Amino acid sequence: MCGTDSSVVVLTGAGVSADSGLATFRGAGGLWEGRPVEEVATPEAWRRDPVQVWSFYQMRRAKLASVEPNEAHRALARLGAAARRAGVGFDLVTQNVDDLHERGGWDPIHMHGELAVLLCERCGWRGRDLDSVDPGAFVPCPDCGWERLRPDVVWFGEMPYHLESIDAALRGCTHFLAVGTSGHVYPAAGYLDLARARGAVTIVQSLDEPLNVHPTDRFLPGRAAEVVPDLVRELLSELGIAAD
Ligand code: OAD
């Protein structure tokens, strides 16, 4: 029993959405396989070849309409709701740019931005739009008329979003759970070390063992949709929180 001094931080990566049918980045069949990230996920690529970058992101934006949240997204939303009701801190930070956490019942902190949002580099306009998904057509800015909005995602070489809120959440964290992330990309990959160093209970769930796992972390291999619901039940009971 941990009482209300407990605070849970969950970090998710592409693996949490894999069971919904979205490709992860690394490994066989991953989005980066045979495609250097510099070609599609950097500001330089967008300046050099906006057509290629836009079509890559438009395909990913279009794909969102055909996928649904899975049991892992739903279980993490149940964990968040039950924790908040019990006065236990809860933050869900995701590196994912899909919208499956929110559709599964919990609004996460999107540290790498969101596919659903478009951004004008000229005037700073931002808006949600999942209707314009033609890979061959740029979307002009409705505010200043600039010819092409960009996806509001964080590219390599850009600063991730919400770093201050994430740091605040990690500061008080007693339980840290990483789901479906390979531990390759910083700063997110460093949060596990940080939580461990601050004495939190650290749990890592993933299909393959991530790069940043430490012997004192509890590693739970397997598919997120199968493993996370049981893990959430266990955590709720350990924290002394009623499920509903
Ligand atoms: P990766 O593709 O690097 O890693 C996905 C992780 O999920 C791996 O550890 C897999 O073993 C695991 N996995 C695959 N299927 C799974 C399943 N069904 N259940 C549980 N785990 C599963 O994705 P991320 O770590 O999220 O950044 O990648 C981090 C960042 O790198 C992304 O946000 C993106 C990318 O480049 C940017 O684009 C800025």
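Residues numbered from 1 in each chain as written. Predicted model: local features only at pLDDT ≥ 70, side-chain atom pairs only at ≥ 80, totals over all residues. Heavy atoms only, no water.

K.L.:
Could you clarify how one ought to interpret the packing of aromatic side chains in this entry?
P.N.:
A ring pair, where both rings are aromatic, is described by two values, the distance of the centres and the angle of the planes. Going through the model one piece at a time under the given rule, you end up with nine aromatic pairs. Taken together, a centroid distance of 6.2 Å and an interplanar angle of 80 degrees make the contact between W46 and F138 edge-to-face. Taken as a pair, W46 in helix α3 (residues 43-48) and F138 in the loop between β5 (126-128) and β6 (150-153) lie far apart in primary sequence, 92 residues in all. For W46, a relative accessible area of 3% gives the class buried. For the pair F90 and W106, a centre-to-centre distance of 5.1 Å together with 85 degrees between the ring planes defines the contact as edge-to-face. Separated by 16 residues along the polypeptide, F90 in strand β2 (residues 89-94) and W106 in the loop between α6 (100-103) and β3 (109-110) bring together distant segments of the chain. The buried category is assigned to F90, whose relative accessible area is 1%. Site record: aromatic cluster; members linked through ring pairs are F25, W32, W46, W54, F56, Y57, F138 and W155. Here the guanidinium or amino end of R148 rests over the ring plane of F138, the centre of that ring lying 5.4 Å away. Over the ring of W155 we find R150, and its NZ or CZ is 3.8 Å from the ring centre. (Phe/Tyr/Trp six-rings, centres within 6.5 Å; stacked < 30°, edge-to-face > 60°. Helix = DSSP H or I, 4+ residues; strand = E, 2+ residues; numbered from the N terminus. Buried < 20%, exposed > 50% of the residue type's maximum accessible area, 1.4 Å probe, protein only. Lys NZ or Arg CZ within 6 Å of the ring centre and 35° of its normal.)

K.L.:
Looking at this structure, I do not really get the site of the ligand. What am I missing?
P.N.:
The ligand sits among 24 residues. The nearest are F25, R26, T181, S182 and D208. In the environment of the ligand, an oxygen atom lies 3.3 Å from a nitrogen or oxygen atom belonging to the backbone of Q95. For the ligand, a nitrogen atom lies 2.8 Å from a polar atom in the backbone of A224. Against a free-state accessible area of 790 Å², the protein chains account for coverage of 94% of the ligand. (Near = heavy atom within 4 Å. Polar contact = N/O pair within 3.5 Å; in protein donor to acceptor, adjacent residues only side chain to side chain. Areas by Shrake-Rupley, 256 points an atom, 1.4 Å probe, with all protein chains shown as cover.)

K.L.:
Honestly, helix α4 (residues 50-63) in this entry has me stumped. Any pointers?
P.N.:
Along an α-helix, a turn takes 3.6 residues, which lines up residues three or four apart on a common side. Taking 1.5 Å as the rise per residue, α4 with 14 residues should run 20 Å; its terminal C-alpha atoms sit 20 Å apart, in good agreement. If you check which residues of α4 are buried, you get P50, V53, W54, F56, Y57, Q58, R60 and R61. Buried residues belonging to α4 abut α2 (37-40), α3, β4 (113-119) and β6. (Expected span 1.5 Å × (residues − 1). Contact = heavy atoms within 4.5 Å.)

K.L.:
How should helix α9 (residues 224-239) be read in this particular structure?
P.N.:
For α9, which comprises 16 residues, the first-to-last C-alpha distance of 21 Å matches the rise-based estimate of 22 Å (1.5 Å per residue) to within 8%. The elements touched by buried residues of α9 are β1 (7-12), α1 (15-18), α5 (71-85), β7 (175-179), β8 (201-206) and β9 (218-221).

K.L.:
Explanation requested: the side chain of H112 in the structure shown.
P.N.:
With respect to the helices, strands and loops of the structure, H112 is situated in the loop between β3 and β4. A distance of 3.3 Å separates the side chain of H112 from the backbone oxygen of Q95, its partner in a polar contact. Contact partners of H112, with chain neighbours within four places excluded, come to T94, Q95, V97, D152, V153, V154, P160 and V185.

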